[in-house]
Amino acid sequence: MKFTVQRDRFVQSVQHVSKAISSRTTIPILTGIKIEASADGVTLTGSDSDISIESFIPAEEGDHQLVDLEKDGSIVLQARFFGDIVKKLPADTIEITVSEQFVTQLKSGSSVFNLNGLDPEEYPRLPEIEEENVFKMPKDLLKSIIRQTAFAVSTVETRPILTGIHWSMEQGNLTCTATDSHRLAMRHAQVEANTSELEFSNVVIPGKSLSELNKILDDTDEWIDIIVTDNQILFKATNLLFFSRLLDGNYPATKNMIPTESKTSVKLNSKNLLDAIERALLLSREGKNNVVNVKTIDQNQLEITSVTPEVGKVTEDVHCLDYNGDELRISFNGKNVIDALKVIESTEINIDFTGAMSPFVMKPSERDHMLHLFSPVRTY
């Protein structure tokens, strides 16, 4: 195999596929990046058997030649060194030559590296996916859906299903839900499906997979195709394929957890609330405590307090834009509420409380496409 490739595009592709490679894999070949050169261009693949990423560099793009092929072929190179090497090469192009025994030479400007490669025949094949159930959405919408839900997944492996984000689809409406059993984030979005019959109810994608996908996608309104099968999901963008396995098991029925009525409804400026809770948590630096107490002063003011016995106490008043219902006294994990306020993208929020010991719901005031649910904390 021998080809020359534009360095910048090659580095970008190497960085994309490296996101799928784990240093902890038990399969030695998966510590490498597979490179295939053909007349069409160069394909790079990285995988850890949970996530597989394929990035393609076309031979030509518009008026630019990106790849100059002399001899097609393939090789697997150690990702750990390879990524650092290509980033630091001096010239605008890289020449890659594979000779006997998989020895690979990288040449760029005055710099020459000889690397020992691995047999590409041993590299596992990517899953073959039947493209029956396809739906699509703009990349920037997908990125905001991931950002607004992935933070709420569980980081504890005791209930593996909660480390994923639950996707369900009905009549072109996608609902994405994440919960760690103390908080819940839910986001709705209208998407375009290839068939009006496309519906699914229990697709659970590992939160880690979606977070890695989010890092790779650029923030544009270009569309991305999404294909769901029984145990895999494929995200298909221009020159990029991202496969993830799905989690096994049934996701808890979260719809029943969301209260439909409230005893107290409050409308607040989201930035004022965020700032107040962040200040309230300044005294609980160690993060063990994180408990914030809220009570009604009058129809226009809520009092926010946080006490850390060995450090001190902070008290702050927050102005209510609107207030309906009973007096309020509740305690909650302030960090969870901060995480939600950072992704809510709305200047004003509504919070509905159903009592001191019942979960409460926070929504953006302007739109009805997302909600956050929080469990209160017992403080006595």
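Description of the structure in this document. (Residues numbered from 1 in each chain as written. Predicted model: local features only at pLDDT ≥ 70, side-chain atom pairs only at ≥ 80, totals over all residues. Heavy atoms only, no water.)

**Examining the overall build of the protein chain**
What counts, and what does not: Secondary structure elements are taken from DSSP: a helix is a run of H or I of four residues or more, a strand is a run of E of two residues or more, and numbering for both begins at the N terminus. Relative accessibility decides the category of a residue: with a 1.4 Å probe and only protein chains considered, values under 20% of the type maximum give buried, values over 50% give exposed, and everything between is partly exposed. Using the Shrake-Rupley algorithm and a 1.4 Å probe, accessible areas are obtained, with residue cover drawn only from the displayed protein chains. Counting rule applied: Lys, Arg positive; Asp, Glu negative; His and chain ends not counted. By convention, the point assigned to a charge is CZ for Arg, NZ for Lys, CD for Glu and CG for Asp.
Looking only at helices and strands, the protein chain has 6 helices and 28 strands in total. Seen through its principal axes, the protein chain has C-alpha atoms that stretch 80 × 55 × 40 Å. With 380 residues in all, the protein chain has 50% of them scored as buried. With the model as given, the accessible surface of the protein chain reaches about 19,100 Å², and the carbon-plus-sulfur share is 45%. Taken as two groups, the 38 positive and 56 negative side-chain charges of the protein chain have centres that lie 7 Å from each other.

**Topic: helix α4 (residues 207–216)**
Counting buried residues along α4, 7 of its 10 residues qualify, which places the element largely inside the surrounding structure. Residues of α4 that are buried include every one of Gly-207, Ser-209, Leu-210, Glu-212, Leu-213, Asn-214 and Ile-216, and no others.

**Considering the side chain of Ser-270**
Convention followed: Throughout, a residue-residue contact means that at least one pair of heavy atoms, one from each residue, lies within 4.5 Å.
With respect to the helices, strands and loops of the structure, Ser-270 is situated in helix α5 (residues 270–280). Excluding its chain neighbours within four sequence positions, the residues that come into contact with Ser-270 are Leu-341, Ser-346, Thr-347, Glu-348 and Ile-349.

**Details of the packing of helix α3 (residues 139–149) against α4**
Convention followed: Axis lines are fitted to C-alpha atoms, over the contacting stretch for helices. Their N-to-C directions set the angle, which ranges from 0 to 180 degrees. Roughly parallel here means an angle under 35 degrees, roughly antiparallel means over 145, roughly perpendicular means 65 to 115, and every remaining angle is called oblique. In a left-handed crossing the near helix is turned counterclockwise from the far helix by less than a right angle, and in a right-handed crossing that turn is clockwise. In this classification, the charged set is Asp, Glu, Lys and Arg, the nonpolar set is Ala, Val, Leu, Ile, Met, Phe, Trp, Tyr, Cys and Pro, and all remaining amino acids, among them Gly, are polar.
Orientation of α3 relative to α4, taken along the N-to-C sense of each, is 140°, at an axis distance of 10 Å. Of the possible angle classes, the one that applies to α3 and α4 is oblique. Pair α3 / α4 crosses with left-handed handedness. The segment α3 lies against α4, with Leu-142, Lys-143, Ile-146 and Arg-147 engaging Leu-210, Ser-211, Leu-213 and Asn-214. Across the contact of α3 with α4, the residue classes tally to 4 nonpolar, 2 polar and 2 charged.

**A word on unusual backbone geometry**
One non-glycine residue with positive phi stands out, namely Ser-49, at about 70°. Its location among the elements puts Ser-49 in the loop between β3 (41–47) and β4 (51–58). You will see that Gln-101, though not glycine, has its phi angle at about 55°, which is positive. When you line up the elements, Gln-101 lands in the loop between β9 (93–98) and β10 (103–108). Classification of Gln-101 by relative accessible area gives exposed; the value is 69%.

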